[in-house]
Amino acid sequence: MHTQSQPWTIHCRREKTSAAGYFGVGFVLRLVWIAIKRVLEYRADTLYGRQHGCQLSPALKKRWPLGIDRIKELWESNAEGHLLAFLCSIAKDYEPGNNLCQFLLVGPRAYHILHPRNVETLLLTNFQDYGFGCRPAVFAPLLGKGIFTQEGAAWKHSRELLRKQFVRAQYQDLRYFHEHFANLINRMPADGVVDLQPLFFNLTLDVAVELLFGRSVYSLRAGVDQADENREFAESFNIAQEGLAKRFRLAPFHFLYNPAEFRNACRRVHLFVERYIREQKLMETRSETAKDGSDVDSATWFIRQIASESATETELRDQLLNVLLAGRDTTACCLSWTFRLLVRHTWARDRLRQEIRSVMGDLTNPTRQHIRAMPFLACVTTILPVGGGPDGTSPILVRKGELVVFSQYVNSRRKNIFGPDADDFRPERWETGELDDIGWAHFPFIGGPRQCLGEDFALMEISYTIVRLFQTFTAIELPESEVVEAVGTERQKLTLVLSSADGCRVKVRR
Ligand code: HEM
Ligand SMILES: *[C@@H]1O[C@H](CO)[C@@H](O)[C@H](O)[C@H]1NC(C)=O
């Protein structure tokens, strides 16, 4: 499927900042020293670049000063829901080199990298040279310090701790999905049109909260028998997350977005988790938690394991919220795009239904083994192609503080890698072996040291849900009222994730 957790990601060459607090002469001397250091560094970098034959990548063409015309185009295409199509159209002008750089308004030079080898360098080979830029500050009000906002040694610690839990989760059955899937079905008509996208957002919230906390918030039972505190959490989490997406857009100016509604939502989310931690006595009992994972059968095994290696309640709270953010919308969007595409490509849908029937027979709940026996399902849920250009480009010198930006979305649609039908939904492309060597041209879960930890969990959740929906409904179709546009031209909504601006309306019949 062509959806990513961050359709575009910004990485920044690390820059060391020292604490402020200098006065008078000391301050002036400090400035002079910084200036001299900068000049020396700049010259050293230039020399380094020359030795390595570095050249600039082509600059983004702009007609108005400071690239204001480009910013206007970005703004407009975003308002129309076609921001990524616009970025793809820009990228096309830079084939085959597939790299470009820009200065927009003020600020450092930014490089958009599209070449798979550059992506590999950023995410794997020279991983330690790049950092997140302002991401930790953007996310801090909700996420504090956790795997998603940390770097260096702190991140390594979080990563190791969480990695162990996700390895354990891979040996579990698919129990997290059963109850919540049943709640999803209860929210669907037996015969009629329904927008699946908002339902998928609730499903993935309920599932992720259950995995992480050991007890769900049942957003799919809102208005039925959902407890008030759960409703408050689900609603506040949504508001807080939308706020993060807005701050993310503003990047260095993120502090401009901090309204009371957002702050209150973050506070309510925090209170909810803290209350839960106290109620379950997680901090008091953490020394008793078995580190060997022998408690994986208790509902709260995940949170207990994290608690056992957390120094404070806040550390534990932040870590779980980090994972919740990483795991929720991503999965919901993948499901929505999959069904949007399936009802518009009936041959793929029918082939999938056939595969499910032949593997499952009369059985209801698919297990991991069943899902592994469905190769076409794996093709359908694999993200759409990415691309980069042929070799022969010179290296590019990236100075400290300059930005490197990449987009899984744009990269996955390069015609010079995925062929002229790169934009089309053709899941069979993953069966034929034609893409075996694409390497870093396709990286829905990124890769390298920061690769997604929830990949297996997400793919199981997605596969389980797809299989069960096809089993439950004899027909899943495109409603007559829905339009069919070329893939990629539909209206999209880009926040931290990419969702469909028009939802995912399908007509179902039991
Ligand atoms: C289709 C669904 C998913 C996609 C496409 C996806 C994709 C990604 C990507 C691209 C990253 C790297 C983000 C960055 O550092 O910029 C990431 C990180 C992460 N993901 Fe996922 N993800 C998905 C589902 C999940 C789920 C369900 C979970 C957990 C339940 C999860 C947990 C994580 C965690 C903990 C990280 C941080 C890893 C680190 O920084 O070391 N993800 N994911
Ligand atoms: C989904 O969750 C939200 C937030 O809790 C809730 O307001 C909404 O009613 C839920 N929708 C459905 C259909 O369950």
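Residues numbered from 1 in each chain as written. Chains lettered and ligands numbered in written order. Predicted model: local features only at pLDDT ≥ 70, side-chain atom pairs only at ≥ 80, totals over all residues. Heavy atoms only, no water.

Per an unreviewed UniProt entry, the recorded name for the protein is Cytochrome P450 52A13, and the organism is Staphylotrichum tortipilum. In its Cofactor (unreviewed entry) section, UniProt records this for the protein: "heme". (UniProt positions renumbered as here; feature names shortened; annotations may be inferred.)

### Quick word on the coordination of the iron atom of ligand 1
With respect to protein ligation, the iron atom of ligand 1 binds only C452 (SG), at 2.3 Å. With respect to the helices, strands and loops of the structure, C452 is situated in the loop between α18 (415-418) and α19 (455-472). (Donors = N, O, S within 2.8 Å, 3.2 Å for Na, K, Ca; no water. Helix = DSSP H or I, 4+ residues; strand = E, 2+ residues; numbered from the N terminus.)

### Some thoughts on the sheet that holds strand β10 (residues 505-509)
An order of β5-β10-β7 is seen for the 3 strands of this open sheet, with the pairing classed as antiparallel. The sheet is open, and its two edges are formed by β5 (191-195) and β7 (475-477), each paired on a single side. Averaged over all pairs of adjacent strands, the angle between their axes in this sheet comes to 25°, without regard to strand direction. In this sheet, β10 lies alongside β5 in antiparallel orientation, the contact comprising 5 bridges. Among the inter-strand pairings, V194 is bridged to a residue of β10, identified as V506. Seen against the sheet, helix α8 (residues 196-213) touches β5 and β10 and runs at an angle of roughly 70° to β5. (Pairing = 2+ DSSP bridges. Axes fitted to C-alpha atoms, helices over the stretch in contact; angles between N-to-C directions. Contact = heavy atoms within 4.5 Å.)

### What to know about helix α7 (residues 175-186)
Among the residues of α7, Y176, F177, H180, F181, N183, L184 and I185 are the ones counted as buried. Buried residues belonging to α7 abut α8, α11 (301-308) and α19. (Buried < 20%, exposed > 50% of the residue type's maximum accessible area, 1.4 Å probe, protein only.)

### Quick word on a nonpolar patch on the surface
On the surface, a nonpolar cluster with roughly 730 Å² of combined accessible area is contributed by F27, V28, L31, V32, W33, I34, I36 and L40. Its place among the elements puts I36 in helix α1 (residues 24-51). (Patch = residues over 30% accessible without salt bridge, like charges linked within 9 Å, V, L, I, M, F, W, Y side chains within 5 Å. Areas by Shrake-Rupley, 256 points an atom, 1.4 Å probe, with all protein chains shown as cover. Salt bridge = Lys/Arg side-chain N within 4 Å of Asp/Glu carboxyl O.)

### Concerning the packing of α8 against helix α12 (residues 313-327)
Interhelical geometry of α8 versus α12 gives an angle of 150° and a closest axis separation of 10 Å. If you check the angle between α8 and α12, you find them roughly antiparallel. Remark: the crossing between α8 and α12 carries right-handed chirality. Residue-level inspection shows L205, A208, V209, L212 and F213 of α8 in contact with α12, the latter providing L320, V323 and L324. Residues of the contact of α8 with α12, tallied by class, amount to 8 nonpolar, no polar and no charged. (Parallel < 35°, antiparallel > 145°, perpendicular 65-115°, else oblique. Left-handed = near helix turned anticlockwise from the far one by under 90°. Nonpolar A, V, L, I, M, F, W, Y, C, P; charged D, E, K, R; others polar.)

### Concerning the nonpolar core
M188, F339 and L469 are the most contacted members of the largest nonpolar core, which has 109 residues in total. In terms of residue count, the dominant contributor to this core is α8 (12 residues). Apart from residues no more than four positions distant in its own chain, L469 is found in contact with F181, L184, I185, M188, F200, F339 and I476. (Core = buried A, V, L, I, M, F, W, Y, C linked by side-chain atoms within 4.5 Å.)

### So, helix α9 (residues 228-250)
Between its first and last C-alpha atoms α9 spans 33 Å; for 23 residues at 1.5 Å apiece the expected length is 33 Å, and the two agree. Just downstream of α9 lies A251, where phi reads positive at about 40°. (Expected span 1.5 Å × (residues − 1).)

### Let's talk about unusual backbone geometry
Even without being glycine, Y218 reaches a positive phi, approximately 50°. Along the chain, Y218 turns up in the loop between α8 and α9. Given the relative accessible area of 23%, Y218 is considered partly exposed. Backbone geometry at K281 places phi at a positive 55°, although glycine is not the residue there. Considering the arrangement of structural elements, one finds K281 in the loop between α10 (260-279) and α11.

### As for the pattern of salt bridges
Oppositely charged side chains can form a pair if their charged atoms are brought close together. Here the structure, examined in full by the defined rule, presents 21 salt bridges. Note that E274 and R317 form a salt bridge whose closest N and O atoms lie 2.4 Å from each other. On the criterion of sequence distance, the pair formed by E274 in helix α10 and R317 in helix α12 is long-range, its members being 43 residues apart. By the burial criterion, E274 is buried, and R317 matches it.

### Things to note about the packing of aromatic side chains
Aromatic ring pairs are defined here through the distance separating the ring centres and the angle between the ring planes. Per the stated rule, a full pass over the model turns up 14 aromatic pairs. An aromatic cluster is built from Y176, F177, F181, F457 and Y464, whose rings are joined through pairwise contacts. A cation sits over an aromatic face here: R510 above F473, 5.6 Å from the ring centre. (Phe/Tyr/Trp six-rings, centres within 6.5 Å; stacked < 30°, edge-to-face > 60°. Lys NZ or Arg CZ within 6 Å of the ring centre and 35° of its normal.)

### A closer look at the packing of α9 against α12
With their axes 12 Å apart at the nearest point, α9 and α12 run at an angle of 75° to one another. For the element pair α9 / α12, the angle class is roughly perpendicular. Seen from α9, the contacting residues are F233, F237, Q241 and L244; seen from α12, they are L321, L324 and L325. Split into classes, the residues belonging to the contact of α9 with α12 amount to 6 nonpolar, 1 polar and no charged.

### Some details on the confidence of the model for the protein
Chain-level pLDDT for the protein is 79 on average; 78% of the residues reach the 70-or-more range. When mean pLDDT is taken per element in the protein, β5 scores highest with 95 and strand β1 (residues 8-13) scores lowest with 44. Note that residues 396-402 has pLDDT below 50 and, in this model, 35 contacts with residues that lie over four places away or in other chains. (pLDDT = per-residue confidence, 0-100.)

### Quick look at the environment of N365
As for its position among the elements, N365 is in the loop between α14 (346-360) and α15 (368-372). Measuring from C-alpha to C-alpha, the distance between N365 and H178 comes to 7.8 Å, with 187 residues separating the pair along the chain. Filtering out sequence-adjacent residues up to four positions away, N365 remains in contact with H178, M360, H370, Y464 and R468. Within the local environment of N365, its side chain forms a polar contact with the side chain of Y464, the two groups lying 2.4 Å apart. A distance of 3.4 Å separates a polar atom in the side chain of N365 from a polar atom in the side chain of R468. (Polar contact = N/O pair within 3.5 Å; in protein donor to acceptor, adjacent residues only side chain to side chain.)

### Concerning the side chain of S336
Summarising the element assignment, S336 is placed in helix α13 (residues 329-344). We classify S336 as buried; its relative accessible area is 0%. Apart from the residues lying within four places of it in its own chain, the contact partners of S336 are Q197, F200 and C504.

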